[in-house]
Structure formats: structure tokens, C-alpha cells
Amino acid sequence: MHPPQTLYLDNPNSAVVILDQTLLPHTIKYLHLTTISQVWTAIKDLQVRGAPAIGVTAALGLYIHMKTHAANSADPAAFAQEFKSASAYLSTARPTAVNLDWALNQMYICYQANKHSPITEIINSLHQAAQDIQTNDTKICRRIGQHGAALLKHDMGILTHCNAGALAATKYGTALAPIYIAHEQGINLRVYADETRPVLQGARLTAFELHQANIDVTLICDNMAATVMSKGLIDAVFVGCDRVAANGDTANKVGTHGVAILAKHFNIPFYVCAPLSTIDMSTKTGTEIIIEEREPAEITSLWYTSPMAPKGVKVYNPSFDVTTASLITGFITEIGIIKPPFNL
Ligand code: MRU
């Protein structure tokens, strides 16, 4: 069985349709987003999440917004203004994943190339650009999977953190893509999924999608990674990422840095899987990456039947951390395994 589809465009109804990931693993419910504020909220609230999926959703959302705008006004200046402000608004939904801005920029490049055409042609071009971002994501993730699968042999143990699987992209994902491709090739792996506090993307999403795909997955709490590594159960770590700085420092779900430090201690290769679009050459080092901080309630009360912390206690909830480049064995991308300095 395949994981349910993460998102798609319902063009006749001008809707971006997303699987509501906040309800997984127990409820499969699709949301039809028809306004730009619904798209923004779905990204902000993690109903759709994972760097590539956020980018594709934003591109499709911008397209449907401009299509709706064009149906009400044919004025090119108003169109230009609306495109600019809608794109700027979507960009604020989440700060760390560079794919959000990357995808919006792809849409901008398309708009710039077509801005002197009739509005209907601009809309057709934006439609094509958004769909290309979606289609290319699937192709790129499959290539990441093929390059990563070349590292894998029967019965290897792989540790992963958060969810960088099919649910974080249009298909395959990044860190889970090598695992899916190896599975297609008949290579059986043992995957260990960190549950990933506080939002539990590992438990709710990674364990769910691998289990559905009949891949051997074992769920562990985040604080058990050292235990499974010390027992010799882990041969490699594969994680995804939200932004890679030019020097290779890598932002990913909080807890990734700790896993990388452990991997170094136990001499286990630590791979970051990412499309080239996640490498942000304009960010020099990891210290420049903006780390999203989220609601204290994610730590104190989310998932609990009653709060598990004293009322009013101070909470620090950074959603991502930065893994130092020196801890990363290699970056598995669509063009192969690369290391900084990147020649992009
Ligand atoms: O907060 P999330 O769930 O969007 O965080 C997702 C991650 O950290 C993923 O590892 C990353 O986006 C890569 S997804 C291919």
C-alpha cells in the first residue's frame, strides 16, 4: 500500500487539496483550500508540512489566488500589485524552510517572463509553473532515492528523525526516498523512527507511512537514539532538511543536531537528503538561519488529555536546530552525493 497523496490541485474548483496531517495517523481527511488565507493557515498550522510540500502548496495557492483575482479584474497594474502582496503574505507562513521562498520565486520568475501577455495567458503560465514545481518534486525525490539507495544493503538499520517522507513532499520524500527505492529493489531494511517531540512527526507520520508501505519500522522516543546506536542497530542516519547554508550547516527539525552528534560518537554515517533547491547559497552559515519558534502549548498540552506542565511555566520551543556541517557525511541530492563547498 502507498501513503495517501499529500496534496493536489483541483483546478476546475480552484482549490489546493491537502491531506490534513494534524489528524494523522487515525483520520484521513482532505481539505479544499480555496482562499489564500486558508493556504497560509494550513501551512502555519502544519496541516501541510515538510519543506518540499510547503513550497508546492504555496505555488499552487498563489496560482489559484491569482486565477480568482484575474476573474474579477483585468487590470495589469492591479494584477502585479496583487501578485506581489499575495506572495509576500504566503512567505510569512513559516520562516525556516527555504523551499517556501524558492517556490514563490519560481512563480515570480514565470510571472516576470509573461507579464506583458494577456492576463489569461499569464494565468495559464502560472498554472504550468506551479504544476511543474509539483511534478519536478516527485522526479527529484525519486532521484534522491536512487542515489541514496546505492548506499543501502539488506538488513541495514537506518535511523531517521521527524518526517521527510512522502507526506513531506509530493511523493517519496527526501530522507525516506532511499528507503522506498531500496524497498522497490527488494532490499529489506530496519528503519528506526524518532518520535520527534513535540509534534510527533516521527510517530504520527513516518511510522504511519512506512508501516503502510510494509517497510519494517520501529518507533523510538527521541531520547533512545543513543541506546539503539550503542547496541549496533544503526548503520546510517538519513534526515531531511529545511535549509542548508552555503557552508553546509543544516537546519532541520529540532533534535537533528543531537542525533548527528551521537552518530559522530558512534562512528555512524550521517546523511542529509535534500533537493538542490534547499541549499541556500545566500545564507553563508547556519547562524544566519531564522529558527521558527512555536506555541508553548505544543510542549505543555498538545496530545495530552490534561496539561503536563504547570500553568504559566516558561517554555522554549524552537522548531528546528542547525547541525554543524562537520557532522554531516554527505548531502544526498538529485545530482548525487555532494559536500560543501557547493558549486551551485
Ligand atoms: O515542522 P515540519 O514538520 O515542517 O518539519 C519538517 C522537517 O523538519 C523535515 O525534516 C524537513 O522539512 C524536510 S522534509 C523533506
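The structure contained in this document is the topic of the report that follows. Note that this is a predicted model, so its numbers are computed, not measured.

About the thresholds
Residues numbered from 1 in each chain as written. Predicted model: local features only at pLDDT ≥ 70, side-chain atom pairs only at ≥ 80, totals over all residues. Heavy atoms only, no water. 1 Å grid on protein atoms, 1.4 Å probe; cavity = no way out; pocket = protein on both sides within 12 Å on 5 of 7 lines; lining within 4 Å. Points joined across faces, edges and corners; volume = space filled by probe spheres on them. Helix = DSSP H or I, 4+ residues; strand = E, 2+ residues; numbered from the N terminus. Nonpolar A, V, L, I, M, F, W, Y, C, P; charged D, E, K, R; others polar. Salt bridge = Lys/Arg side-chain N within 4 Å of Asp/Glu carboxyl O. Buried < 20%, exposed > 50% of the residue type's maximum accessible area, 1.4 Å probe, protein only. Pairing = 2+ DSSP bridges. Right-handed = clockwise from strand over helix to strand, strands pointing away. Axes fitted to C-alpha atoms, helices over the stretch in contact; angles between N-to-C directions. Parallel < 35°, antiparallel > 145°, perpendicular 65-115°, else oblique. Contact = heavy atoms within 4.5 Å. Near = heavy atom within 4 Å. Polar contact = N/O pair within 3.5 Å; in protein donor to acceptor, adjacent residues only side chain to side chain. Areas by Shrake-Rupley, 256 points an atom, 1.4 Å probe, with all protein chains shown as cover. Sits in = over half its atoms within 2 Å of the grid points. Expected span 1.5 Å × (residues − 1).

**Considering the layout of surface pockets**
Argument step 1. Estimated volume of the largest pocket: approximately 340 Å³.
Argument step 2. Lining of the largest pocket is provided by 17 residues; of these, His 2, Pro 3, Ala 166, Lys 171 and Tyr 172 occupy positions nearest its centre.
Argument step 3. Listed by contribution, the elements that provide at least two residues to the lining of the largest pocket are helix H5 (119-149) and helix H6 (177-184).
Argument step 4. With three residues, H6 is the largest single contributor of residues to the lining of the largest pocket.
Argument step 5. Here the lining of the largest pocket is built from residues that sort into eight nonpolar, seven polar and two charged.
Argument step 6. Considered as a void within the structure, the second largest pocket measures approximately 240 Å³ in volume.
Argument step 7. Of all elements in the fold, only helix H2 (51-72), helix H4 (98-114) and H5 reach the threshold of two or more residues within the lining of the second largest pocket.
Argument step 8. When its residues are assigned to classes, the lining of the second largest pocket shows ten nonpolar, five polar and three charged.

**Observations concerning the pattern of salt bridges**
Argument step 1. Evaluated as defined, the whole model comprises seven salt bridges.
Argument step 2. In this structure, Asp 235 and Arg 190 form a salt bridge, with 3.8 Å as the shortest nitrogen-oxygen distance. Linking Asp 235 in the loop between helix H8 (225-230) and strand E7 (236-239) with Arg 190 in strand E5 (residues 190-194), this pair joins segments that are 45 residues apart in sequence.
Argument step 3. Overall, Arg 190 belongs to the buried group, its relative accessible area being 18%.
Argument step 4. Between Glu 298 and Arg 294 there is a salt bridge; the shortest N-O distance is 2.7 Å.
Argument step 5. Glu 298 sits in the buried class, given a relative accessible area of 9%.
Argument step 6. The buried category is assigned to Arg 294, whose relative accessible area is 16%.
Argument step 7. Linked by salt bridges that have partners in common, Arg 94, Glu 292, Arg 294 and Glu 298 make up one network.

**Observations regarding the pairing of strand E6 (residues 217-220)**
Argument step 1. As judged from the four bridges shared by E5 and E6, these two strands associate in the parallel manner. Looking across to E6, one finds that Ala 193 is bridged to Leu 219.
Argument step 2. In the classification by handedness, the crossover that spans E5, the intervening helix H7 (residues 201-212) and the parallel E6 is right-handed.

**Let's talk about the packing of helix H3 (residues 76-91) against H4**
Packed helices, taken two at a time, are described by their axes: the angle between them and the distance between them.
Argument step 1. The contact between H3 and H4 brings their axes to 10 Å, and the two run at 170°. With respect to their mutual orientation, H3 and H4 come out roughly antiparallel. Contact with H3, carried on its side by Pro 76, Phe 79, Ala 80, Phe 83, Ser 87, Leu 90 and Ser 91, involves Leu 100, Asp 101, Leu 104, Met 107, Tyr 108 and Tyr 111 of H4 and no other residues of that element.

**Examining the site of the ligand**
Argument step 1. As a matter of local geometry, the ligand sits amid 16 residues, with Arg 49, Ala 51, Arg 94, Asn 252 and Lys 253 nearest to it.
Argument step 2. In the environment of the ligand, an oxygen atom lies 2.9 Å from a nitrogen or oxygen atom belonging to the backbone of Ala 51.
Argument step 3. A distance of 3.0 Å separates an oxygen atom of the ligand from a polar side-chain atom of Asp 242.
Argument step 4. In isolation the ligand offers 410 Å² of accessible surface; the protein chains occlude 100% of this area.
Argument step 5. Counting atoms within 2 Å of the grid points, the majority share of the ligand lands in the largest cavity.
Argument step 6. Here the shell around the ligand is built from residues that sort into seven nonpolar, five polar and four charged.

**Some words on the sheet that holds strand E9 (residues 250-253)**
Argument step 1. Spatial ordering of the open sheet is given by E11-E8-E9-E12, a layout of four strands whose pairing is mixed. The open sheet terminates on both sides in strands that have one partner only, identified here as strand E11 (279-280) and strand E12 (320-323).
Argument step 2. Both strand E8 (residues 243-245) and E11 contribute to a ladder of two bridges, which runs parallel. Bridging across to E11, Ala 245 finds its partner in Asp 280.
Argument step 3. Relative to the sheet, helix H9 (residues 256-265) contacts E9 and E12, its axis offset from that of E12 by approximately 35°.

**A short note on H2**
Argument step 1. Across its 22 residues, H2 extends 32 Å between first and last C-alpha, which sits within 8% of the 32 Å expected from 1.5 Å per residue.
Argument step 2. Burial runs high along H2: 18 of the 22 residues are buried.

**Some thoughts on the sheet that holds strand E1 (residues 7-10)**
Argument step 1. Read across the open sheet, the three strands follow the order E1-E2-E3; overall the sheet is antiparallel. A single partner strand is all that each edge strand has here, and the edge strands are E1 and strand E3 (30-33). Going across the sheet, the axis of each strand differs from the next one's by a mean of 25°, ignoring polarity.
Argument step 2. Here strand E2 (residues 15-19) runs beside E3; their pairing, made up of four bridges, is antiparallel. If you follow Val 16 over to E3, its bridge partner there is Leu 33.
Argument step 3. Across the sheet, H2 is in contact with E1, E2 and E3; its angle to E1 comes to roughly 10°.

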